[in-house]
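Each chain is listed here by its residues.
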Amino acid sequence: MSNKLLEIKTLGQLKQTDYRSRSVKDELRTNLIAQLQKSEDGFQGIIGFEDTVIPDLQTAILSRHNILLLGLRGQAKTRIARLLVNLLDEYTPYIEGSELFDDPLNPISWFGHSIVTEKGDNTPIAWLHRSERYTEKLATPDVTVADLIGDVDPIKAATMKLTYSDERVIHFGLIPRAHRGIFVINELPDLQARIQVSLFNILQEKDIQIRGFKLRLPLDIQFVFTANPEDYTNRGSIVTPLKDRIESQILTHYPRSVEISRKITQQEALLTSEQKTAIEADGLVKDLVEQIAFEARNSEYIDKKSGVSARLTISAYENLISNAERRMIINHEPSTFVRITDFLGVIPAITGKIELVYEGELEGPAKVANLLIGKAIKSLLLQFFPDPEKAKKSKAPNPYAEIVNWFGNGNTIALIDILPAADYKKLLNDVPGLKAFVKQFHPRLSENQQLLLMEFVLHGLAEFSQLNKGFLDNGFAFSDMFNSLFNLQPDDEDDDIDLDDDRY
């Protein structure tokens, strides 16, 4: 919108321009067409929906439909709704002082009609930025019809000395005040059924009903609703007639690959500049974080209907970096890199974001979190190294033999999450054959990457039952798979390595 157009202050001046009234849905449609013709990305920051959700959304906008975004938690439904604002005109004119932002050429309120009748071309107008044309309401059980649509205001009636039959005594709710804009109701099933019924006329007949008023108010609103699938929760559901009036229902989904999930996490994770500079996070640990979410969505311990939000991986990655930062600070080191032991810090980010079924409750959330991390390690090990089970059964020499045999001779190592870099390096290098094994399959690695993969191999062997991995309060202890079952007694005097219990 040019500055010259913003200088227009009266209805008469506006009529001399090429401005024409159009509905908000026509506005969205026209601007989307222009965007598509220019091959512009109108939904920046939305990753993984390019071939699924976004085309459906664009089709709905071209059809001038109200929209229901249906999907499990953490699927960017609200973010998509908020991005629709970018398809509105940058500025739009309205009658100055109108609480419903009346179109100067097509007023709908008593105020709008009266001021245009009274002042004609001298009617003052103002300009509304598109960011102010977005209204969002979280559906909660205590929402009332008065909140959304409006009610009679007895105080206004008494103050202005008006009867209750006068339109001016109405106090408009959120929906009328969203006239000429986008109105979003989040978690629609949480809205009580009787409140959902009050939306029928607004969606179909485009008017509102307030108590006994015969008020025809042709509101111009783009409605967007978000909801979880009806079978997800017992809190409520969308009443069938309302669902029937919402023209387009668009299904969202979780990222379909680790690569897409990783892009989302890296985009959304809030890291300080110091963390980005001082802490190295290899691609392996980034993929491990994403793989945890994929394992969770397929886990028998987790309620699949509740979903596993993308917020899990975002919080997990932030905790992973912070755990490494904590070690760096404690050891007064200028920099560090993320280790597998740092995934201990990820557990609190997992436990609060998964809903367990009965079997999972028996195990406990922290144990389930450890199990998910273990499964993620097991899945990714095969992308970097040979399958330990097949290698053991193969007639060819087992590349893991020297490592496993060293532990079979009674040796153990404990990797604590606050180990200084030098101690961490020494412990891993003391395992015969471990460094050579990593170099055999990945010869061109930095020292940090090499040490990370060396630890990764130990965790992977434990997941394939080639080694025993014990959980310590602040790390892991590795030992022979079978000797550990017999050598450790309950009254063992060595309290430094407890292979049975961790901090949880």
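Residues numbered from 1 in each chain as written. Predicted model: local features only at pLDDT ≥ 70, side-chain atom pairs only at ≥ 80, totals over all residues. Heavy atoms only, no water.

A.B. asks: Give me the lowdown on the overall build of the protein, citing residues and values where you can.
C.D. replies: Assigned secondary structure in the protein consists of 25 helices and 14 strands. Taken over the C-alpha trace, the protein has a radius of gyration of 31 Å; the compact-globule value for 504 residues is 23 Å, which it surpasses by more than 25%. Per-residue burial over the protein gives 50% buried out of 504 residues. The long-range share in the protein, meaning contacts at least 24 apart out of those at least 6 apart in sequence, stands at 75%. Only carbon and sulfur atoms are counted for the fraction: they give 49% of the accessible area of the protein, which is about 24,400 Å². With 57 positive and 73 negative side-chain charges, the protein shows a separation of 7 Å between the mean positions of the two kinds. (Helix = DSSP H or I, 4+ residues; strand = E, 2+ residues; numbered from the N terminus. Rg over C-alpha atoms; globule rule 2.2 N^0.38 Å. Buried < 20%, exposed > 50% of the residue type's maximum accessible area, 1.4 Å probe, protein only. Contact = heavy atoms within 4.5 Å. Areas by Shrake-Rupley, 256 points an atom, 1.4 Å probe, with all protein chains shown as cover. Lys, Arg positive; Asp, Glu negative; His and termini not counted. Charge placed at Lys NZ, Arg CZ, Asp CG, Glu CD.)

A.B. asks: An account of the pairing of strand β13 (residues 467-472) is needed here, citing residue identities and associated values.
C.D. replies: Within β13, 5 of the 6 residues are buried, leaving the element largely enclosed by the surrounding structure. For β13 and strand β14 (residues 475-480), the ladder comprises 6 bridges, and the chain directions are antiparallel. Across the sheet, residue F471 finds its bridge partner in β14, namely F476. (Pairing = 2+ DSSP bridges.)

A.B. asks: How would you summarise the pattern of salt bridges if you had to cite specific residues and measurements?
C.D. replies: Any two side chains of opposite charge can pair, so long as their charged atoms come close to each other. If you walk through the whole model with that rule in mind, you get 14 salt bridges. Its salt-bridge partner being R262, residue D287 comes within 3.0 Å of it at the nearest N-O pair. On the criterion of sequence distance, the pair formed by D287 in helix α15 (residues 283-297) and R262 in helix α13 (residues 258-268) is long-range, its members being 25 residues apart. By relative accessible area, which is 18% here, D287 ends up buried. In this structure, K425 engages E447 in a salt bridge whose closest nitrogen and oxygen atoms are separated by 2.5 Å. In this pair, K425 sits in helix α22 (residues 421-429) while E447 sits in helix α24 (residues 447-463), placing the two residues 22 residues apart along the sequence. You can call E447 partly exposed: its relative accessible area is 44%. (Salt bridge = Lys/Arg side-chain N within 4 Å of Asp/Glu carboxyl O.)

A.B. asks: Any details on the sheet that holds strand β12 (residues 413-416)? Residues and values, ideally.
C.D. replies: The pairing of strands in a sheet happens through backbone hydrogen bonds and is either parallel or antiparallel. Reading across the sheet, the 3 strands line up as β12-β14-β13 and stay open at both edges, with antiparallel pairing between neighbours. Two strands lie at the open edges of the sheet, namely β12 and β13, each paired on one side alone. The sheet shows a mean angle of 20° between the axes of neighbouring strands, direction not considered. (Axes fitted to C-alpha atoms, helices over the stretch in contact; angles between N-to-C directions.)

A.B. asks: Lay out the packing of α15 against helix α16 (residues 310-330) with the relevant residues and their values.
C.D. replies: Look at α15 against α16: their axes get within 10 Å of each other, and the N-to-C directions meet at 145°. For the element pair α15 and α16, the recorded crossing hand is right-handed. For the pair α15 and α16, the contacting residues are V285, K286, V289, E290, I292, A293 and R297 in the first and A310, L312, T313, A316, Y317 and L320 in the second. Broken down by class, the residue content of the contact of α15 with α16 amounts to 9 nonpolar, 1 polar and 3 charged. (Left-handed = near helix turned anticlockwise from the far one by under 90°. Nonpolar A, V, L, I, M, F, W, Y, C, P; charged D, E, K, R; others polar.)

A.B. asks: Outline the packing of aromatic side chains, listing residues and values.
C.D. replies: Applying the stated criterion across every chain, the model contains 11 aromatic pairs. Ring geometry for F223 against F225: centres 5.8 Å apart, planes inclined by 5°, an arrangement best described as stacked. Each ring, one from W406 and one from F407, has its centre 4.9 Å from the other, and the planes form 80°; the classification is edge-to-face. Exposure remark for W406: the relative accessible area of 17% places this residue in the buried category. (Phe/Tyr/Trp six-rings, centres within 6.5 Å; stacked < 30°, edge-to-face > 60°.)

A.B. asks: So, the environment of S322: which residues are in play, and what are the values?
C.D. replies: With respect to the element layout, S322 can be found in helix α16. Along the chain, S322 and V346 lie 24 residues apart, while their C-alpha atoms are 9.6 Å from each other.

A.B. asks: Report on the packing of α15 against helix α19 (residues 365-384), specifying residues and quantitative values.
C.D. replies: Packed helix pairs are characterised by how far apart their axes lie and by the angle those axes make with each other. Between α15 and α19, the shortest axis-to-axis distance is 8 Å and the interhelical angle comes to 125°. As summarised for this structure, α15 and α19 are arranged oblique, according to the angle between their axes. Taken as a pair, α15 and α19 cross one another with a handedness that is right-handed. Only L372, I373, K375, A376, I377, S379, L380 and F384 of α19 make contact with α15, whose side of the interface consists of L284, D287, L288, Q291, I292, E295 and A296. Of the residues contributing to the contact of α15 with α19, the split by class is 10 nonpolar, 2 polar and 3 charged. (Parallel < 35°, antiparallel > 145°, perpendicular 65-115°, else oblique.)

A.B. asks: Can you break down unusual backbone geometry residue by residue, with the values?
C.D. replies: Residue R64 is not a glycine yet carries a positive backbone phi of 60°. Within the secondary structure, R64 is located in the loop between α4 (53-62) and β1 (67-70). A residue is classified by how much of its surface remains accessible, and R64, at 43% relative accessible area, is partly exposed. Despite not being glycine, A76 has its phi angle at roughly 65°, a positive value. For A76, the position within the fold is in the loop between β1 and α5 (77-83). On the accessibility criterion, A76 (29% relative accessible area) is partly exposed.

A.B. asks: Go over the side chain of D282 with me, naming the residues and quoting the values.
C.D. replies: Position of D282 among the secondary structure elements: in the loop between β10 (279-280) and α15. For the buried D282, no salt bridge is present, and the opposite-charge side chain at shortest range is R262, 7.5 Å distant. If sequence neighbours within four positions are ignored, D282 has contacts with Q449 and L452.

A.B. asks: So, the sheet that holds strand β7 (residues 181-186): which residues are in play, and what are the values?
C.D. replies: Within the open sheet, the 5 strands sit side by side as β4-β7-β8-β1-β9. Their pairing is parallel. Taken across any chain shown, the strands that pair with only one partner, and hence form the sheet edges, are β4 (134-138) and β9 (248-251). The average angle at which neighbouring strand axes cross in this sheet is 20°, direction not considered. Across 4 bridges, the pairing between β1 and β9 is parallel. The residue of β9 that forms the bridge with L69 is I250. In the packing of α4 onto the sheet, contacts are made with β1 and β9, and the angle to β9 comes to roughly 170°.

A.B. asks: Lay out the confidence of the model for the protein in plain terms, naming residues and giving numbers.
C.D. replies: The predicted model of the protein averages 89 in pLDDT, with 92% of residues at 70 or higher. Low confidence marks residues 488-500, where pLDDT is under 50. Its contacts with residues over four positions away, or in another chain, come to 15 contacts. (pLDDT = per-residue confidence, 0-100.)

A.B. asks: Residue-level account of the environment of T313, with values.
C.D. replies: Position of T313 among the secondary structure elements: in helix α16. Here the alpha-carbon distance between T313 and I350, two residues 37 residues apart in the chain, equals 8.2 Å. Not counting chain neighbours up to four residues away, the residues in contact with T313 comprise T265, V289, E290 and A293. Within the structure, T313 has its side chain in polar contact with the side chain of T265 (distance 3.1 Å). (Polar contact = N/O pair within 3.5 Å; in protein donor to acceptor, adjacent residues only side chain to side chain.)

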